[in-house]
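The residues making up each chain are set out below.
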Amino acid sequence: VFEGERVRELEGEKVRKSALPPVASKKLGVRRPIPHSERSERSLSHSSPAHGAASDVLLELIDARLLTSYEVREDEHDPIRRVEIIHESLLANWPRLVRWQTQDADAVQLRDQLRQAARTWDDHNRTDDTLWTGSAYREYVLWRESYPGGLTEVEEAFAAAMISLATRRKRRRRIAATAAVIVSAVVAVIFAGLWRRSELETRRAEAQKLLALGQLEIEENPTAALAYARASLDVSDTYEGRLLALKALSTGSVHRVLPRFDGNEIVGGTVFSPDGEWAALIGFDQLRVAHHTGGQSVLVDEIPPHGRGRFTPFFDHSTGHLGVYKTGEVRTYAVPGFAEIARQRVDPPPRWAIATEGGLFFHSHQGGSCRVERLQVNSPTEVVANLPLHGDIYFDSTGRWVAYVLGDEGSEVYLKSLVDPTIPVRHLHTHKEPISSFVLHPELDWIAIGDEPSNTITLWALDGETGAPIKTLVDSGGYGLSTDHRGNRIIEMDQEDGSPIVSVWDLGLPDGASPLILKSRVMGEPGGAAIGSSDRWIVDVNLERAAFWPLPENPVLEIPNEGLSGSGVYGIEFTHDGKAVVIPGYRGLYLQPIRAKDPVQHVVEKRATLGFEIDPEGRFFFGASKRPSALMVVPTDGSAPTSLESFSDAVAVVAVTYDPKRGLVAAGAGRGPAEEKTILVWNLADGSRRTLGPIDKAGEGLDGAFMGLEFLADGSLLSASRDRGIRRWRLHDGSSEQLLAGNCAGIAASSARDTAVALCGELGGATHGLSPVVIDVATNQVRTLDHFHGEHIGLALSPGGDLIATGTHTGEIKISRVSGGEPHILFGHETTVYGVAFSPDGRLIAAADLNGNLRVWPVPDITKPPLQALPLAELMSKLDSFTNLRVVRDEGSPTGWMTEIGPFQGWETVPEW
């Protein structure tokens, strides 16, 4: 059956009789006549003659019963004319039909399959399981695009269901693909994060290993510890690494290294030019001269030896030239440029050569005497002295005089002029023990003598014999004493476990102060120590290297106090003039001076004194003694102390405060019975006393103990107590209010800013697990401070009320603004620090630990960020300015790391932090 467009194609085709089947040809040849009217009615009229002829052929086929034609009307649509093949011979012999059959064979098959599949789908309740999918659906889509006919209602529904299912699946596939992409991206991000995390953890582990290696070096070789800290920060920037670097620098003994050059053995020392710009090194094989800007040595020269001897360089102050002596030969070099300008022989070669500002001095033993000769550049040697047989000998750095030791016991010191032979020999000192080494003040103010039996260095005035030394330094039994150009320091060479050690005593510090120890774990015999013209650099040498150590302009005062060891120090204060620190303990109350020549003063002896207070005008001290319990008033003019009736002997008092404006002094009960957990307030004018408290529910022992008291400007009183927090007391009626609950120990107040600070923590917490809080006394508002977390026990507030300092359970001191910010950290103590105090001018900070060790530092510049808070690049640059010792990878080392020496930075600038 054909209809529509294909019927119109049949109408338009020219059919040749030879193309028709035999039956059709016969019938066309014997055609039955049809009336014109009938033919007209049956005619398939066309506009063109060709279509008319074709219609006639089609009509003839219809008349021959080979085709049949009829119309079909569906609904309201126009009728559709159909042509149906009756005789099968047309299907085989009509070319167009044959072509149509060939074209429609697959389509007809798919049409039949569609009809059957639609019926099956409808019979099974139209479920998705029976719909075409995959390739079957794709074949249907292609067929439907070219199929012009219609479909039944069931077939249309089947097709719509297929399209819907395909759309849903396509959407699900798109969603699944998108989800897969997202999941892949997330997995990639996770794996990248895990990789980064693994890499970070690996780097952190490596950094921790470097920190552990640095910790092993911190005591014996702080420079190496700093190098390990720097390497750790280079691997992974950690707060622990920053603190290790800070701790290494806090030792004050980090150096720059000038390594030996081409096998040169540096053994003798260093000689600086008058302006400090050049340094010539004493060695065996080569002469080396370095510049203060660093880099390579600017001069390296060799002198063929006449027997083994060492180079002795010296700078001639009159000409500025550099002279070098070795085994009988002197060479002279121009400065700068170092062109050789002269040579001369010294015969016979003297044994010892000493460089001074006045030229080169030789001393050699001949029989029972010592001959001293002087050599100046471009001048012959001249004998300037013949000395008796001596022990030690010392030449003045200016070349003006020589001192020497005589006597059977080697205990007599004499002085002889090297510039004026008419000046008689002067006897300087007679020592009680044999003299192992000595040094004189540049202006002959004193002589410092070291002797082995006592292991001390004693300074004796040279303006007249006295029965006692003007200063005594605890010595380690070293040798090779020297001094700086101004006589402000004494320097001693020593050796420990095969490594050189330099001890530097600052003579401006009081007796008992520890020296600055400069040491590194470099093996070799120590050669000597020299100090630059600026007195800010000291150089010590040995077989391996020359170490340049910067000297602090404001040294830290460190006084170990073995007398207080184990007795405990729970609080300290500066005296009103800032010249001494008041230290209490179980063995009394005494004043430790922080300057030279001031003596130690025992204010209260042999009576346990924990709580105390100082009159701001320096007229008296208040000390709370134990057994018998009393509040002592100790005048500073030497008059007899008085006692104010206090608590029972069962109470230990650690909190005392004084209000000079109102003449009131208050003390709070510390450890003791519950019924005595009160505050006693005395009026010094009339001797009256009143009691505040007790605190509600105070217990025995330390429960409710008063750990700190402070009078405020308005006359009220702040108290900090164990597990009872902070309270404000009104003295006129004895009432109080709690400002903060918790466990509190220590409080400080400043009238300058209406501010108070206290150390507080959780109820029942450990006394060292406290953090500072700030109290606005005008509003009673309390706030915590950042960067201070759970480890503080000592507390101080600066006189201006703007800085807070805390001592920690592990020995560090932290200083920051009361307004907050990263604190500056001071290292030095190794145990709990209870006692912390600012000097009256706010320039110094003092701290004492439980073992009685006292340290006094300059207050850091709070306007600058602390070292551990610097940006990494700035921090690394600052660390690099201190030393050129570096830690680098070494797979052959057991640790995987080794130290090496980088480019030398010179000594032009002193690094600071």
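Sequence order sets the numbering: in each chain, residues are counted from 1 along the sequence as written. Only residues with pLDDT of 70 or above have their local features reported here, since the model is predicted, and side-chain atom pairs are shown and tallied only from 80 upward, although totals for entire chains, interfaces and linings are computed over all residues. Working from all heavy atoms in the structure, the side-chain values ignore hydrogens and water.

To continue, consider the overall build of the chain. For the chain, the helix and strand inventory stands at eleven helices and 61 strands. Exposure categories follow from relative accessible area, calculated using a 1.4 Å probe and restricted to protein chains: below 20% of the type maximum is buried, above 50% is exposed, and the middle band is partly exposed. In the chain, which comprises 913 residues, the proportion classed as buried is 49%. Only heavy atoms matter for contacts: two residues are in contact if any of them lie within 4.5 Å across the pair. Within the chain, residue pairs in contact and separated by at least 24 positions form 46% of the contacts whose partners lie at least 6 positions apart. In these tables, accessible area is a Shrake-Rupley quantity obtained with a 1.4 Å probe, and a residue counts as shielded only by the protein chains included in the view. With the model as given, the accessible surface of the chain reaches about 43100 Å², and the carbon-plus-sulfur share is 50%. Helix and strand assignments come from DSSP, with helices taken as H or I runs of at least 4 residues and strands as E runs of at least 2, each series counted from the N terminus.

To continue, consider the sheet that holds strand β26 (residues 489-496). Pairs of strands are assigned from DSSP output, requiring at least two bridges between the strands. The antiparallel open sheet is built from four strands, whose spatial order is β25-β26-β27-β28. Looking at strand neighbours, the two that pair on one side only are β25 (479-483) and β28 (516-519), the edges of this open sheet. When the angles between neighbouring strand axes are averaged without regard to direction, this sheet yields 20°. Pairing between strand β27 (residues 499-506) and β28: four bridges, direction antiparallel. Along β28, the bridge assignment pairs Val502 with Leu518. Under this scheme, a helix contributes an axis fitted over its contacting stretch, all axes are lines through C-alpha atoms, and angles between N-to-C directions fall in the 0 to 180 degree range.

Here we take up empty space enclosed by the protein. Of the two site types, the cavity is a set of points on a 1 Å grid over the protein atoms alone where a 1.4 Å probe fits but cannot get out, and the pocket is an open set with protein on both sides within 12 Å along at least five of seven lines, each lined by residues with an atom within 4 Å of a point. Grid points are joined across faces, edges and corners, and a volume is the space filled by probe spheres set on the points. Applying the stated criterion across every chain, the model contains three cavities of 30 Å³ or more. Size it by volume and the largest cavity reaches roughly 40 Å³. As for the largest cavity, its lining consists of Lys471, Leu473, Trp505, Asp506, Leu509, Pro510, Asp511, Gly512, Ala513, Ser514 and Pro515. Elements supplying a minimum of two residues to the lining of the largest cavity: β24 (471-474) and β27.

Below, the discussion takes up the pairing of strand β55 (residues 813-817). With respect to burial, β55 is a largely interior element, four of its five residues being buried. Looking at chain direction, strand β54 (residues 803-808) and β55 are connected through five bridges and run antiparallel. Opposite Ile804, over in β55, you have Ser816 as the bridge partner. Between the antiparallel neighbours β54 and β55 lie four residues, among them Gly811 with a positive phi of about 100°. The turn linking β55 back onto strand β56 (residues 824-826) is made up of six residues, and Gly820 within it adopts a positive phi angle of 115°.

Here Val556 lies in the loop between β31 (545-550) and β32 (557-559). With 305 residues separating them in the primary sequence, Val556 and Thr251 have C-alpha atoms 9.6 Å apart. In contact with Val556, other than residues within four places in its own chain, are Leu509, Val856 and Trp857.

So, about the packing of helix α7 (residues 134-146) against helix α8 (residues 153-217). Look at α7 against α8: their axes get within 11 Å of each other, and the N-to-C directions meet at 125°. Here α8 runs oblique to α7, going by the angle between their axes. The element α7 and its partner α8 pack so that their crossing is left-handed. Along its contact with α7, which presents Tyr137, Tyr140 and Arg144, the element α8 presents Glu156, Ala159, Met162, Ile163 and Ala166. Orientation labels follow simple angle bins: below 35 degrees gives roughly parallel, above 145 gives roughly antiparallel, 65 to 115 gives roughly perpendicular, and whatever is left gives oblique. Note on convention: the crossing is left-handed when the near helix lies turned anticlockwise from the far helix by less than a right angle, right-handed when the turn is clockwise.

With that settled, the discussion passes to the packing of aromatic side chains. Note on aromatic pairs: the rings of Phe, Tyr and Trp (six-membered ring only in Trp) are paired at centre separations within 6.5 Å, and the planes decide the class, stacked below 30 degrees, edge-to-face beyond 60, tilted for the rest. Tallied over the full model, the rule gives 15 aromatic pairs. Relative to Phe158, the ring of Trp132 lies with its centre 5.9 Å away and its plane at 85°, an arrangement referred to as edge-to-face. Of this pair, Trp132 sits in the loop between α6 (95-123) and α7 while Phe158 is found in helix α8, placing the two residues 26 residues apart along the sequence. Trp132 sits in the buried class, given a relative accessible area of 16%. Overall, Phe158 belongs to the buried group, its relative accessible area being 0%.

This part takes up the confidence of the model for the chain. The share of residues in the chain with pLDDT of 70 or more is 88%, and the mean pLDDT across the chain is 83. Per residue, pLDDT measures the predictor's confidence, with a range of 0 to 100. Counting contacts from residues 14-19, a segment whose pLDDT is below 50, to residues more than four positions away or on other chains yields seven contacts. Predicted confidence for residues 22-47 stays below pLDDT 50, and this span has 27 contacts to residues more than four positions away or in other chains.

Pairs of cysteine sulfur atoms within 2.5 Å are what we label disulfides. Evaluation of the coordinates by the stated rule reveals one disulfide. Note on cysteine connectivity: Cys744 is disulfide-linked to Cys760, with sulfurs 2.1 Å apart. As the torsion about the S-S bond is roughly 110°, the Cys744-Cys760 disulfide counts as right-handed. Here Cys760 lies in strand β50 (residues 755-761) and Cys744 lies in strand β49 (residues 743-750), a separation of 16 residues in the sequence. The same class applies to Cys744 as to Cys760, namely buried.

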